[in-house]
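If you want the building blocks of each chain, they are given just below.
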Amino acid sequence: MLKTALLLTVSNIFMTFAWYGHLKDLKTAPLWIAIILSWLIALLEYCFQVPANRLGIQYFNLPQLKVLQEVITMLVFAGFSTLYMKVPVTRNYFLAAMLLAGAAYLIFSDRR
């Protein structure tokens, strides 16, 4: 299970840079360059995401796997936006994190 979370974390780091990194690093570059570089980064993302999901489905059901991925995505994005893009943390970041924690609790609790 830990390997799934680690692979998803690495995948999400690549995904976040593919989706948003060009907004800082390539803002003056032609759009086609940003698209090609983003696709190349996204290829690396898939090299971690696909194995993570294949491994993860052995331990989690599909909704659990998706919520795990979303929680990791938000954690990675929070770090990326504050550390790399220099976006200040607001109260809404905290509230959104609490809602995601609630979603994780609900999806991982054994209520059927």
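Above this note sits the structure.
Student: Is there a simple way to explain the overall build of the protein in this structure?
Tutor: Of the regular secondary structure elements, the protein holds 4 helices and 0 strands. When the helices and strands of the protein are listed from N to C terminus, the series reads α-α-α-α. If you line up the protein on its principal axes, its C-alpha atoms span 50 × 35 × 20 Å. In the protein, which comprises 112 residues, the proportion classed as buried is 27%. Long-range pairs, those at least 24 residues apart, make up 78% of the contacts in the protein with a sequence separation of at least 6. Summing over all exposed atoms, the protein offers an accessible surface of approximately 7,900 Å²; the carbon and sulfur share of this is 73%. The average position of the 9 basic charges and that of the 4 acidic charges among the side chains of the protein differ by 4 Å.

Student: Quick question: what am I supposed to make of the pattern of salt bridges here?
Tutor: Close approach of charged atoms allows side chains with opposite charge to pair. With the rule as written, the count across this model stands at 1 salt bridge. E70 is paired through a salt bridge with K66; the nearest N and O atoms lie 2.7 Å apart. Taken together, the positions of E70 and K66, both in helix 3 (residues 62-84) and 4 residues apart, correspond to about one turn of that helix. What makes K66 partly exposed here is its relative accessible area of 46%.

Student: So what exactly am I meant to see when it comes to helix 1 (residues 2-25) here?
Tutor: Every α-helical turn comprises 3.6 residues, leaving residues that sit three or four positions apart pointing alike. For helix 1, with 24 residues, the first-to-last C-alpha span of 32 Å sits near the 34 Å given by 1.5 Å per residue. In the structure, helix 1 departs most strongly from a straight axis at W19, where the bend amounts to approximately 45 degrees. T4, A5, L7, L8, S11, N12, M15, T16, A18 and G21 are the residues of helix 1 that are buried.

Student: What should I look at first to understand unusual backbone geometry in this one?
Tutor: Glycine aside, the phi torsion of most residues is negative, and most peptide linkages are trans. With phi around 60 degrees, K86 is a residue other than glycine that occupies positive phi space. Secondary-structure assignment places K86 in the loop between helix 3 and helix 4 (91-108).

Student: Help me understand the side chain of T73, please; the structure alone is not making it clear to me.
Tutor: If you trace the backbone, T73 turns up in helix 3. By relative accessible area, T73 is classed as buried at 12%. Polar contacts involving the side chain of T73 include one to the side chain of N12, which spans 2.5 Å. Residue contacts for T73: discarding those within four places in its chain leaves N12 and M15.

Student: Can you help me understand the environment of N53 in this one?
Tutor: You can see N53 is positioned in helix 2 (residues 31-56). Given the relative accessible area of 23%, N53 is considered partly exposed. Sequence spacing of N53 and F94 is 41 residues, and the spatial spacing of their C-alpha atoms is 27 Å. Beyond its immediate chain neighbours, meaning those up to four positions away, N53 contacts L8 and L65.

About the cut-offs
- In this numbering scheme, every chain counts its residues from 1 along its sequence in written order.
- Reporting of local features is limited, given that this is a predicted model, to residues whose pLDDT is at least 70; pairs of side-chain atoms are given and counted only at 80 or more, and all residues count toward the totals for whole chains, interfaces and linings.
- Excluding hydrogens and water, the side-chain figures rest on all heavy atoms present in the structure.
- Put simply, DSSP marks the helices as runs of H or I at least four residues long and the strands as runs of E at least two long, and each gets a number from the N terminus on.
- Burial classification: accessible surface area is computed with a 1.4 Å probe over protein chains only, and a residue below 20% of its type maximum counts as buried, one above 50% as exposed, and the rest as partly exposed.
- Residues are treated as being in contact if the distance between any of their heavy atoms lies within 4.5 Å.
- Calculation of accessible area relied on Shrake-Rupley with a 1.4 Å probe; when residues are assessed, cover is drawn exclusively from the protein chains displayed.
- Under this rule, positive means Lys or Arg and negative means Asp or Glu; His and the chain ends count for nothing.
- Note that the charge is assigned to NZ on lysines, CZ on arginines, CG on aspartates and CD on glutamates.
- Every case where a carboxyl oxygen of Asp or Glu lies within 4 Å of a side-chain nitrogen of Lys or Arg is listed as a salt bridge.
- By this rule the span expected of a helix is its residue count minus one, scaled by 1.5 Å.
- To obtain the bend at a residue, axes are fitted to the seven residues ending there and to the seven starting there, and the angle between these axes is taken.
- Any pair of nitrogen or oxygen atoms within 3.5 Å is treated as a polar contact; in protein, a donor-acceptor pairing is required on top of that, and neighbouring residues in sequence qualify only through side-chain atoms on both sides.

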